[in-house]
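A closer look at the structure
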Amino acid sequence: MAYVITEPCKGVKSAECVNVCPVDAIHPRPDEPDFENVDMLYINPDECIECGACASVCPVNAIFHEADVPEEYQQYIEINASYFQ
Ligand code: SF4
């Protein structure tokens, strides 16, 4: 299980989450080339340790634990994972 970034992140990409993640699981970071090409950020489910720090600082409440992702955002579980494949 992992945390998942969902639709409210689109067009926002505030990246507070990037700064608090202890395992660098959230990409692209603002200092990575792909940052300008994406409309939202993604959590690598293989690296996330489920600490919840990112969800606490997200200004648009876009981040949920995988088990708590709202029905309308379920597809983002796969969308986050796909970014890292
Ligand atoms: Fe990083 Fe913790 Fe968020 Fe997982 S829950 S992406 S480890 S800050």
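Preceding this section is the structure that the text describes.
What follows deals with the side chain of asparagine 80. By the element assignment, asparagine 80 lies in helix α3 (residues 75–83). Reaching out from asparagine 80, the side chain makes a polar contact with the backbone oxygen of tyrosine 76 at a distance of 2.8 Å. Apart from the residues lying within four places of it in its own chain, the contact partners of asparagine 80 are Val4, Ile5, Met40, Leu41, Tyr42 and Ile43.

It is worth spelling out unusual backbone geometry at this point. Excluding glycine, most residues fall at negative phi; most peptide bonds, likewise, are trans. Here the residue pair histidine 27 and proline 28 is connected by a cis peptide bond, since its omega of -5° sits within 30 degrees of zero. Positive phi values are uncommon outside glycine, yet glutamate 50 reaches one of about 60°. Structurally, glutamate 50 is set in the loop between β3 (42–43) and α2 (53–57).

Turning to the environment of aspartate 24, a few remarks are in order. Along the chain, aspartate 24 falls in the loop between α1 (16–20) and β2 (26–27). Separated by 57 residues in sequence, aspartate 24 and alanine 81 place their C-alpha atoms 15 Å apart. Sequence-distant contacts of aspartate 24, that is, excluding residues within four places in its chain, are made with Arg29 and Glu47. Among the polar contacts made by the side chain of aspartate 24, one reaches the side chain of arginine 29 at a distance of 3.0 Å.

What follows deals with α3. Within the span of α3, buried status applies to Tyr76, Asn80 and Ala81. The arc that holds every buried residue of α3, seen down its axis, measures 140°, which confines them to one face. Summarising the contacts, the buried residues of α3 are in contact with β1 (3–5) and β3.

Next up on the list: the nonpolar core. Ile5, Cys17, Ile26, Leu41, Ile43, Cys54 and Ile63 are the most contacted members of the largest nonpolar core, which totals 25 residues. Residue assignment for this core shows that the elements contributing at least two residues are β1, α1 and β3. Among the elements that line this core, the one with the most residues is β1, at three residues. Setting aside residues no more than four positions away along its own chain, cysteine 17 makes contact with Ile26, Leu41, Cys54, Val57 and Ile63.

What counts and how
- Residues numbered from 1 in each chain as written.
- Predicted model: local features only at pLDDT ≥ 70, side-chain atom pairs only at ≥ 80, totals over all residues.
- Heavy atoms only, no water.
- Helix = DSSP H or I, 4+ residues; strand = E, 2+ residues; numbered from the N terminus.
- Polar contact = N/O pair within 3.5 Å; in protein donor to acceptor, adjacent residues only side chain to side chain.
- Contact = heavy atoms within 4.5 Å.
- Buried < 20%, exposed > 50% of the residue type's maximum accessible area, 1.4 Å probe, protein only.
- Arc of directions from axis to C-beta.
- Core = buried A, V, L, I, M, F, W, Y, C linked by side-chain atoms within 4.5 Å.

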